[in-house]
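One letter stands for each residue in the lines below.
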Amino acid sequence: MLKDMNRKAGVRTGLLMFFIFTYLLNIQPVMAQPKKEKASPVKEGARPVLISDQFSFTEGPSTDKKGNVYFTDQPNNKIWKYGTDGKLSVFLDNAG
């Protein structure tokens, strides 16, 4: 008799857990916060512009506090600067 009571209690507990779990799964999407779109660093409507095609292989873009962009042209052993004034110049020659 005790085994039957334990088994019925186990079945009831299992069913209760199943219904609770099912209930939580069904309301989770309602409780979830809508995803916020990440702000883009690119101004809306902006178009890419080719500033030069003289490079062999560029990488490692980085900016300073003023917004100037620095990048390497590895095969040519140079670090370039694209300034906020729109001018392109060699920042470091024989960069190693």
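Before going into details, it helps to say that this report is about the structure given with it. No experiment lies behind these values; they were computed from the predicted model shown.

### Overview of the overall build of the chain
- Looking only at helices and strands, the chain features 1 helix and 4 strands.
- Listing every helix and strand of the chain by position from the N terminus yields α-β-β-β-β.
- Expressed as a percentage of the 96 residues in the chain, the buried residues total 8%.
- Looking at the chain as shown, the accessible area adds up to about 9100 Å², and 59% of this sits on carbon and sulfur atoms.

### Looking at the sheet that holds strand S2 (residues 69–73)
- Spatially, 4 strands are ordered S1-S2-S3-S4 in an open sheet, and the strand pairing comes out antiparallel. Edge positions in the open sheet fall to strand S1 (58–63) and strand S4 (88–93), since each of these has one partner strand only. Taking each pair of neighbouring strands and ignoring which way they run, the sheet shows an average axis angle of 25°.
- Here S2 runs beside strand S3 (residues 78–82); their pairing, made up of 5 bridges, is antiparallel. Following the sheet pairing, Tyr70 is matched in S3 by Lys81.

How each quantity is defined
Numbering of residues begins from 1 in every chain and follows the order in which that chain's sequence is written. Only residues with pLDDT of 70 or above have their local features reported here, since the model is predicted, and side-chain atom pairs are shown and tallied only from 80 upward, although totals for entire chains, interfaces and linings are computed over all residues. Side-chain measures here rest on the full set of heavy atoms in the structure, leaving out hydrogens and waters. We count a stretch as a helix when DSSP gives it H or I for four or more residues in a row; a strand needs E for two or more, and each element gets its number in order from the N terminus. The buried label applies to any residue whose accessible area, calculated with a 1.4 Å probe on protein chains only, is under 20% of its type's maximum; exposed applies above 50%, and partly exposed to all values in between. Accessibility throughout is a Shrake-Rupley quantity obtained with a 1.4 Å probe, and a residue counts as covered only by protein chains that appear here. DSSP bridges decide pairing: two strands pair if at least two such bridges lie between them. Here an angle of 0 to 180 degrees is reported between the N-to-C directions of two axes, which are lines fitted to C-alpha atoms, with helices fitted over the stretch in contact.

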